[in-house]
Amino acid sequence: MNTLPSRTFAQKYHLKFVFWLILIVFLLLISSNITESDLLAFFQGDSIQQFGVILGKMMKPDWSFFPRIWEPLLETIRMALVGTLVGSVIAVPVAMLSASNVTKPAVVRSITRFISNLIRTLPDLLLAAVFVAIFGFGPFAGILTLIIFSFGQMAKLLYEAIETIDKGPIDALETAGANKVQVIAFAIFPQVLNTFLSNFLYTFEVNIRSSTVIGYVGAGGIGMLLQTVIKMFRYDQAGVIILAILVIVVLIEFLSNYVRSKLT
Amino acid sequence: MLDSIIEVKNVSKIYANGVVGLKDINLNVKRGEFLVIVGLSGAGKSTLLRALNRLNEISDGEIIVNGESITKSKGKKLREIRREIAMIFQSFNLVKRSSVKRNILSGRVGYYNSLFSTLGLWSKEDKERSVNVLQRVNLADKYYDRADALSGGQQQRVAIARALMQEPKIMLADEPTASLDPATSVVVMDDLLKLNQEEGITIVANLHSEELALKYATRIIGLAAAELVFDKPVEKVTKKDFDQVYGRLEKEKTSKSNKTKKELVS
């Protein structure tokens, strides 16, 4: 009666856990074998020496190069800002159509959710490469990439936020004879506004980072310059660029965290 | 016909999971009444109340409000009927992040089109009305405060003010005092009584408390297990009537405690 319940052999020795652990390690080893990745390669041959040489060059940044990076750095920030803004604005109606407490027909919800899920699965590097192929080198391709990325991310974050709101005010508005638009404006919008702004800043942060990466395939911004100088083996200049990116990313993260902490 | 402001005809509600919410309810609410619905949690009180303004759909029967079938109305017509029926809730249902002012004015949206209300282009009369309704619940000094800065009782009174913006003929109150302490409950109930007596607004309220029901109602109906078990003017309601509604609880309690005893013994 007042004794511990008896457990099976499997429960006692956590067989399930052991099984999954072995399976994961096994899969890891197989994958590593197939992809021919070898941690030891890092230490073999002249890799480590090469690494040291490049790092050494980067450690002596060519500060005279600094004035040349201003323009592309600002371009990166502008790209991220425009991309996040446009993508988020487009995401709002789609999020409304994806939220079960706003849109009753399940068919509509499945369609809009499918679209935004599909868009989220596209890697931004791939998108950037495609847009560069279509529109040529430069920030426009980058901005389009970031719009699509921001849209996918914001649509999901926003519809999930809408679904967790307090349903009460919706009842109250419907009682007063409000139509759909009025319910959204008075009962839903004020409840998700802060979450929306917070997610917007977060997406902006992510976009700053990814806009430096997509620049690498020619989609404008600081990444494009970085790629150029590395191709010319100017690691001293690359060092300046990397430091600048680091400072900007940290600054924007700090700013965004501060503003988000105030949004409660 | 004219003296009945709400007619509930053979109304039944069966939820999607098969649970019966209401079983063949017939009820006429007269103009100017203070009707209180009593019953246990789950007896169907909220289901009935929320059916009256069609926040919940019914499965069968018809509800007529002010001579018009709310059951058969759609779109704009439904919204116009709803405008006449205000409602307050157990959890107040204010938008907590919005100001008291905006919450109150949101009670008026039924009189505006989407564009004007969304942009906050309220008429001068409606702005004055919003101050006026807040004065009627003695909270004018809170006009610019955020709703979540107020106490529970104050929030419920703001909710009453918002309801008044509709200039309703009927006020539904779904457990209006369940989240409030006894003293505050009386203040809120007094506000409702004042509206009933001074402005002739018909009140339909769900209450847990027997005491409040007897004090404020002009007529009481009892619900038990989705069915109407009594419907009497307050003077004729007896202890037996309440036992009939709450009696189930005693039975359940005893059977439950027996069960626990049994479990302990074994």
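I will try to describe carefully the structure that is included in this document. Given the structure is predicted, the values throughout are model-derived calculations rather than measurements. (Residues numbered from 1 in each chain as written. Chains lettered and ligands numbered in written order. Predicted model: local features only at pLDDT ≥ 70, side-chain atom pairs only at ≥ 80, totals over all residues. Heavy atoms only, no water.)

With that settled, the discussion passes to the side chain of A:Ser150. Residues and elements named next belong to chain A. For Ser150, the position within the fold is in helix 7 (residues 139–163). Judged by its relative accessible area of 0%, Ser150 is buried. At 2.8 Å, the side chain of Ser150 forms a polar contact with the side chain of Asn207. Apart from residues lying up to four places away in sequence, Ser150 is in contact with Gly83, Thr84, Gly87, Ala155, Thr203 and Asn207. (Helix = DSSP H or I, 4+ residues; strand = E, 2+ residues; numbered from the N terminus. Buried < 20%, exposed > 50% of the residue type's maximum accessible area, 1.4 Å probe, protein only. Polar contact = N/O pair within 3.5 Å; in protein donor to acceptor, adjacent residues only side chain to side chain. Contact = heavy atoms within 4.5 Å.)

Further remarks concern the sheet that holds strand 8 (residues 202–207) of chain B. Residues and elements named next belong to chain B. Read from one edge to the other, the open sheet built from six strands follows the order 6-7-8-3-9-10, with strand pairing classed as mixed. The sheet terminates laterally at strand 6 (85–88) and strand 10 (227–233), the two strands that pair on one side only. Across this sheet, the average inter-strand angle for adjacent strands is 15°, counted without regard to direction. Alignment of strand 6 against strand 7 (residues 170–174), held across four bridges, turns out to be parallel. Of the residues in strand 7, the one forming a bridge with Ile88 is Ala173. (Pairing = 2+ DSSP bridges. Axes fitted to C-alpha atoms, helices over the stretch in contact; angles between N-to-C directions.)

The next point concerns the pattern of salt bridges. Residue and element names in this part refer to chain A. A full pass over the atoms with the stated rule returns 27 salt bridges over all chains. In this structure, Glu160 and Lys156 form a salt bridge, with 3.1 Å as the shortest nitrogen-oxygen distance. With Glu160 and Lys156 both in helix 7 and four residues apart, this pair spans about one turn of that helix. Looking at Glu160, the relative accessible area reads 35%, which means it is partly exposed. One salt bridge in this structure joins Arg260 and Glu205, with 3.6 Å as the shortest N-O distance. Of this pair, Arg260 sits in helix 11 (residues 235–262) while Glu205 sits in helix 9 (residues 180–214), and the two are 55 residues apart along the sequence. (Salt bridge = Lys/Arg side-chain N within 4 Å of Asp/Glu carboxyl O.)

It is worth spelling out the interface of chain A and chain B at this point. Taken together, the contact between chain A and chain B spans 23 residues of the former and 30 residues of the latter. Taking both partners together, chain A and chain B bury about 2,100 Å²; carbon and sulfur atoms supply 56% of that area. Contact with chain B buries area across many residues of chain A, yet A:Thr175, A:Ala176 and A:Phe186 alone supply 30% of it, more than any other trio. There are one salt bridge connecting chain A and chain B. Here A:Asp171 makes a salt bridge to B:Arg50, at a shortest N to O gap of 3.1 Å. Counting the contacts that link chain A with chain B gives nine residue pairs in polar contact (both at pLDDT 80 or more). Those elements that provide at least two residues to the side of chain A that touches chain B are helix 8 (168–175) and helix 9 of chain A. (Buried area = accessible area lost by both parts, 1.4 Å probe.)

The next subject is the sheet that holds strand 2 (residues 20–30) of chain B. Residue and element names in this part refer to chain B. One open sheet holds the four strands; their spatial order is 2-1-4-5, and the pairing between them is antiparallel. Looking at which strands have only one partner, the edges of the open sheet turn out to be strand 2 and strand 5 (68–69). The pairing of strand 1 (residues 4–14) with strand 2 spans seven bridges and is antiparallel. Looking at strand 2, one finds that Ile6 is bridged to Val29. Sitting on the sheet, helix 1 (residues 45–52) is in contact with strand 1, strand 2 and strand 4 (60–65), with an inclination near 55° to strand 2.

To continue, consider helix 2 (residues 75–83) of chain B. Every buried residue of helix 2 of chain B is listed here: B:Leu78, B:Ile81, B:Arg82 and B:Arg83. Looking at the buried residues of helix 2 of chain B, the elements they touch are helix 8 of chain A together with strand 4, strand 5 and strand 6 of chain B.

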